[in-house]
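# Working through the structure, step by step
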Amino acid sequence: MSDNNKMTIIATKGTFDWAFPPFIIASTGVAMDKEVTIFFTFYGLNLLLKDTSKLKVTPLGNPGMPMKMPFGPKWLQNIDFGPKIPTILWNIPGAESLVTWLMKKTMAKHGVAKLEDLRSMCQEFDVKFIACEMTVELFGYNKEDFIDGIEFAGAATYFEEASTGNHHLYM
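The notes below deal with the structure included here. (Residues numbered from 1 in each chain as written. Predicted model: local features only at pLDDT ≥ 70, side-chain atom pairs only at ≥ 80, totals over all residues. Heavy atoms only, no water.)

## A short note on the overall build of the protein chain
Worth spelling out the cut-off: Per the convention used, a helix needs a DSSP run of H or I reaching at least four residues, while a strand needs a run of E reaching at least two, with both numbered from the N terminus. Residue burial is assigned from relative accessible area. The probe radius is 1.4 Å, only protein chains are included, and a residue is buried under 20% of its type maximum, exposed over 50%, and partly exposed in between. Contact criterion: two residues are considered in contact whenever any of their non-hydrogen atoms come within 4.5 Å of each other. In short, Shrake-Rupley with a 1.4 Å probe defines the accessible areas, and a residue's cover is counted only from the protein chains shown. Charged-residue counts in this description rest on Lys and Arg as positive and Asp and Glu as negative, His and the chain ends being excluded. Charge coordinates come from a single atom per side chain, which is NZ of Lys, CZ of Arg, CG of Asp or CD of Glu.
Tallying secondary structure elements over the protein chain gives six helices and five strands in all. Taken from the N to the C terminus, the helices and strands of the protein chain come in the order β-α-β-α-α-α-β-α-β-α-β. Residues counted as buried form 42% of the 171 residues belonging to the protein chain. Considering only residue pairs separated by 6 or more positions, the protein chain has 76% of its internal contacts joining residues 24 or more positions apart. By element, 59% of the accessible surface of the protein chain is carried by carbon and sulfur atoms, the whole surface being about 9600 Å². Each charge class in the protein chain was averaged separately, 16 positive and 19 negative side chains, and the resulting centres sit 12 Å apart.

Below, the structure written as structure tokens:
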């Protein structure tokens, strides 16, 4: 693969909703014949954990998120509840779990791949996953906490990967 077809992505967010963009962009890049590397740092490390079942949507941190019902009559499904719900209500216990459940229902309704399947597909397509070694140590993770097939390295390795590419994204 030529060097001008190299893409790097820095994944820094570790919530359920923010887990999808790096994997969708990476798998699309590979489908377009790009060599893709994702560097996972800080909260982005959550996306490489063996168990991602605890990842939740964070409506408090995403005020622009549309909130439509994935079920019910069409008139109900067409209402965007997001702007109608005051931000303070996202602090109510259980709000994140409810929104996560609704997001998973909406994704299933629209045929979006499950997170684990999308991540596995990227690995099958040879997307290179690099976990930031400094952040792994900072947060007290063990290498056994993570899925197989990833590299542990520092930011200098990311810069080495990026130096020969021409597509670089920060998520």
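## Here's the deal with a nonpolar patch on the surface
Our working definition: Distance thresholds for patches are 9 Å for like charges and 5 Å for nonpolar side chains (Val, Leu, Ile, Met, Phe, Trp, Tyr), applied to residues having over 30% relative accessible area and no salt bridge. By definition, a salt bridge exists where a carboxyl oxygen of Asp or Glu is found within 4 Å of a side-chain nitrogen of Lys or Arg.
Residues Phe 42, Tyr 43, Met 134, Leu 138 and Phe 139 make up a contiguous nonpolar surface patch of roughly 520 Å² in combined accessible area. Position of Tyr 43 among the secondary structure elements: in the loop between strand S2 (35-40) and helix H2 (74-77). Among the residues examined, Tyr 43 registers a relative accessible area of 52% and is labelled exposed.

## Concerning the packing of helix H1 (residues 16-31) against helix H3 (residues 95-109)
Basically, it comes down to this: Working convention: axes come from line fits to C-alpha atoms, limited for helices to the stretch in contact. Angles between N-to-C directions cover 0 to 180 degrees. When residues are sorted by character, Ala, Val, Leu, Ile, Met, Phe, Trp, Tyr, Cys and Pro go into the nonpolar class, Asp, Glu, Lys and Arg into the charged class, and all the rest, Gly among them, into the polar class.
It is the contact of H1 with H3, at a shortest axis distance of 10 Å, that shows an interaxial angle of 35°. Between H1 and H3, the residues in contact are Phe 16, Asp 17 and Phe 20 and Met 103, Lys 104 and Met 107, respectively. Within the contact of H1 with H3, the residues separate by chemical class into four nonpolar, no polar and two charged.

## Concerning the packing of aromatic side chains
As a reminder, the rule being used: Pairing of aromatic rings covers Phe, Tyr and the six-membered ring of Trp, with a centre-to-centre limit of 6.5 Å; geometry is then stacked below 30 degrees between planes, edge-to-face above 60, and tilted otherwise.
According to the stated counting rule, one finds 13 aromatic pairs in the structure shown. Summarising the aromatic geometry, the rings of Phe 23 and Phe 40 are spaced 6.0 Å apart at their centres and angled 40° between planes, so their arrangement reads as tilted. Note that Phe 23 is positioned in helix H1 and Phe 40 in strand S2, a separation of 17 residues in sequence. Its relative accessible area of 0% is what places Phe 23 among the buried residues. Taken together, the aromatic side chains of Phe 42, Tyr 43, Phe 139, Tyr 141, Phe 146 and Phe 152 make up a single cluster linked through ring pairs.

## Some thoughts on the pairing of S2
Under the convention used in this document: Only strands joined by at least two bridges in the DSSP assignment are considered to pair. Looking down the strands as they point away from you, a crossover is right-handed if its path from the first strand over the helix to the second goes clockwise.
Of all six residues making up S2, five are buried, and the element is well covered by its neighbours. Across six bridges, strand S1 (residues 6-11) lies against S2 in parallel orientation. Bridge pairing in S2 places Thr 8 opposite Thr 37. Handedness of the crossover joining S1 and S2 through H1: right-handed.

## Some words on the sheet that holds strand S5 (residues 167-170)
Spatial ordering of the open sheet is given by S4-S3-S2-S1-S5, a layout of five strands whose pairing is parallel. Edge positions in the sheet fall to strand S4 (151-153) and S5, since each has one partner strand and no second. Here the strands of the sheet are splayed against their neighbours by 20° on average, with no regard to which way each runs. Relative to S2, H1 is tilted by about 160°, and along the sheet it contacts S1, S2, strand S3 (128-132) and S5. Helix-sheet contacts for helix H6 (residues 155-162) involve S1, S2, S3, S4 and S5, and the interaxial angle to S1 is about 150°.

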